[in-house]
Amino acid sequence: MTSAAEPALQLAQRLRDLRRNGMPGKRITQEQLSEAFGVSVPLISSWERAQNPALPPEHRLAAYAAFFATKRSVDRRPFRAPTDLNGEEEAARDALLAELTELRERALGGSPAGEVPAVADNLWRFPPNEDITIVCSKLPDRLRRQLPSAGPEDPDYVELYQYSDLDSLFELHGHIRAMNPSNTVRVRPGAGILTADEGSSHLVLLGGVDWNQITAEVLHRIDLPIGQQKRPDDKDTSGFEVVENGEVVETFLPTLRQIGDVQVLEEDVAHFYRSRNPFNQKRTVTMCNGVHSRGVLGAVRALTDARFRDRNTAYARRRFAGMEAFSILSRVPVLQGTVITPDWTKDHVLHEWPA
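Residues numbered from 1 in each chain as written. Predicted model: local features only at pLDDT ≥ 70, side-chain atom pairs only at ≥ 80, totals over all residues. Heavy atoms only, no water.

## So, the pattern of salt bridges
Then, number 1: In total, this model carries 21 salt bridges according to the counting rule given.
Then, number 2: When the shortest N-O distance is used, the salt bridge between Arg-283 and Glu-130 registers 3.5 Å. Of the two residues, Arg-283 sits in strand β9 (residues 280–290) while Glu-130 sits in the loop between α5 (87–108) and β1 (132–136), which places them 153 residues apart along the sequence.
Then, number 3: Exposure remark for Glu-130: the relative accessible area of 9% places this residue in the buried category.
Then, number 4: As a salt-bridge pair, Arg-257 and Glu-266 come within 2.4 Å of each other at their nearest N and O atoms.
Then, number 5: What makes Glu-266 partly exposed here is its relative accessible area of 30%.
Then, number 6: Here the salt bridges do not stand alone but share partners, grouping Glu-58, Arg-104, Arg-276 and Glu-324 into one network. (Salt bridge = Lys/Arg side-chain N within 4 Å of Asp/Glu carboxyl O. Helix = DSSP H or I, 4+ residues; strand = E, 2+ residues; numbered from the N terminus. Buried < 20%, exposed > 50% of the residue type's maximum accessible area, 1.4 Å probe, protein only.)

## Some details on a nonpolar patch on the surface
Then, number 1: A surface patch of nonpolar side chains, about 210 Å² in accessible area, is lined by Val-158, Leu-160 and Leu-166.
Then, number 2: Along the chain, the position of Leu-160 falls in the loop between α6 (141–144) and α7 (166–179).
Then, number 3: Classification of Leu-160 by relative accessible area gives partly exposed; the value is 44%. (Patch = residues over 30% accessible without salt bridge, like charges linked within 9 Å, V, L, I, M, F, W, Y side chains within 5 Å. Areas by Shrake-Rupley, 256 points an atom, 1.4 Å probe, with all protein chains shown as cover.)

## Points about the environment of Gln-10
Then, number 1: Looking at where Gln-10 falls in the secondary structure, it is placed in helix α1 (residues 5–21).
Then, number 2: Residue classification places Gln-10 among the partly exposed residues on the basis of a relative accessible area of 37%.
Then, number 3: Each C-alpha atom of the pair Gln-10 and Leu-103 lies 7.3 Å from the other, and the pair is 93 residues apart in sequence.
Then, number 4: Those residues within four positions of Gln-10 in sequence are excluded, and the remaining contacts are Leu-103 and Arg-106. (Contact = heavy atoms within 4.5 Å.)

## Digging into unusual backbone geometry
Then, number 1: The peptide bond linking Arg-77 to Pro-78 adopts the cis configuration, its omega dihedral lying at -5 degrees.
Then, number 2: That bond from Trp-353 to Pro-354 is cis: its omega, 0 degrees, falls within 30 degrees of zero.
Then, number 3: Although it is not a glycine, Asn-129 adopts a positive phi angle of roughly 70 degrees.
Then, number 4: Tracing the backbone through its elements, the reader meets Asn-129 in the loop between α5 and β1.
Then, number 5: Despite not being glycine, Gln-336 has its phi angle at roughly 50 degrees, a positive value.
Then, number 6: Position of Gln-336 among the secondary structure elements: in the loop between β10 (326–335) and β11 (338–339).

## A word on the confidence of the model for the chain
Then, number 1: On average, the chain scores 88 in pLDDT, and the residues at 70 or more come to 94%.
Then, number 2: Here residues 110–114 is modelled with pLDDT under 50, and outside its nearest four sequence neighbours on either side it reaches five contacts, counting other chains as well. (pLDDT = per-residue confidence, 0-100.)

## Comments concerning the environment of Asn-52
Then, number 1: Residue position: Asn-52 is located in the loop between α3 (41–48) and α4 (58–67).
Then, number 2: Accessibility expressed as a relative area gives 44% for Asn-52, which makes it partly exposed.
Then, number 3: Sequence separation between Asn-52 and Ala-8 is 44 residues, and the spatial gap between their C-alpha atoms is 8.0 Å.
Then, number 4: When residues no more than four places from it in sequence are discounted, the contact partners of Asn-52 are Leu-9 and Gln-281.

## Quick word on the packing of aromatic side chains
Then, number 1: Scanning the model with the defined rule gives nine aromatic pairs in all.
Then, number 2: Relative to Tyr-64, the ring of Phe-37 has its centre 4.9 Å away and its plane inclined at 75 degrees; by these criteria the two rings are edge-to-face. Of this pair, Phe-37 sits in helix α2 (residues 30–37) while Tyr-64 sits in helix α4, and the two are 27 residues apart along the sequence. The pair Phe-37 / Tyr-64 is uniform in exposure class, with both members buried.
Then, number 3: For the pair Trp-124 and Phe-272, a centre-to-centre distance of 6.1 Å together with 80 degrees between the ring planes defines the contact as edge-to-face. Here Phe-272 lies in strand β8 (residues 262–277) and Trp-124 lies in the loop between α5 and β1, a separation of 148 residues in the sequence. In terms of burial, Trp-124 and Phe-272 fall into one category: buried.
Then, number 4: One aromatic cluster is present, formed by Phe-37, Trp-47, Tyr-64, Phe-67 and Phe-68 through successive ring pairs.
Then, number 5: When the ring centre of Phe-79 is taken as reference, the NZ or CZ atom of Arg-77 above it lies at 5.0 Å.
Then, number 6: The aromatic ring of Trp-124 is capped on one face by Arg-274, whose charged end is 6.0 Å from the ring centroid. (Phe/Tyr/Trp six-rings, centres within 6.5 Å; stacked < 30°, edge-to-face > 60°. Lys NZ or Arg CZ within 6 Å of the ring centre and 35° of its normal.)

## Remarks on the packing of α2 against α3
Then, number 1: Where α2 meets α3, the closest approach of the two axes is 8 Å, and the angle between their N-to-C directions is 110 degrees. Classified by the angle their axes make, α2 and α3 are roughly perpendicular. Crossing geometry of α2 relative to α3 is assigned as right-handed. Taken together, the residues of α3 that come into contact with α2 (itself represented by Gln-30, Glu-31, Leu-33, Ser-34 and Phe-37) are Val-41, Ile-44, Ser-45 and Glu-48.
Then, number 2: Grouping the amino acids of the contact of α2 with α3 by side-chain chemistry returns four nonpolar, three polar and two charged. (Axes fitted to C-alpha atoms, helices over the stretch in contact; angles between N-to-C directions. Parallel < 35°, antiparallel > 145°, perpendicular 65-115°, else oblique. Left-handed = near helix turned anticlockwise from the far one by under 90°. Nonpolar A, V, L, I, M, F, W, Y, C, P; charged D, E, K, R; others polar.)

Written as structure tokens, this is what we have:
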């Protein structure tokens, strides 16, 4: 019987050959192709690698087929597939897409044992005895020094003081441990260095690109049209951007109200994302992120709050059935500093991907 690895390797080889030889007289680099598709170079590389390649989603195979169906894609810089294909080009596109799709379907036909789908019955339950690593944003030293007993040499030092999203970490760590009693669950700071075993486990990332370097690194390696703006200063605000063809088409910002000299957060933005781990296709990566810490907690509580987790999980299963990855941006109402759990079945959802 043909193993699932063989068609996956064949697909990777075919994509590599297309890039190198698909345009007569022109050898396209990974950087040029990433620019044409609006994705990162490591993502292109992961689809082409000779060992354990990642499987591109169907819409990326459609982009390959359209791009390599005509020489006109490389007539100008930056390279772009034309939208006005003629009859001959459309036939070439359809034939190539059918070939690539068949390889992908054959690879998916033999999913490895123990693999967790993007949308399971319980998104926080993992196969027994598979390690889980929670990576939480690390509080910058300049802020941590303001806390009591902040130094490791202090007799009353508390190790958890190094983390910035403590309420989210407390909520999620307890829930994951309860759902997975036979699994090892580790907590690591987002500014630290993960071991090879930790990076290839089920990764759960808390917090955004400002203070969680692992989140920033993973975002660079996955196929996701959502970007997070960096904050120049702690007092500044930012948002999440929806990117299409390399251009920002929509931005979602939190809502703040000025009361005297204080800005009060009335509504944050939460981002929940689940896909295969780019470092190990048999494991998952999950992001719970927000513009502020209230948004991070909202992303966590969407699937831990006993009043909402079942309906939100059911919604995700209906909405993203059969998909390898999904993303939800949602509103997080904040009432006098208290997070109101987002309800994905109501108008709290701001953006979903895949569309």
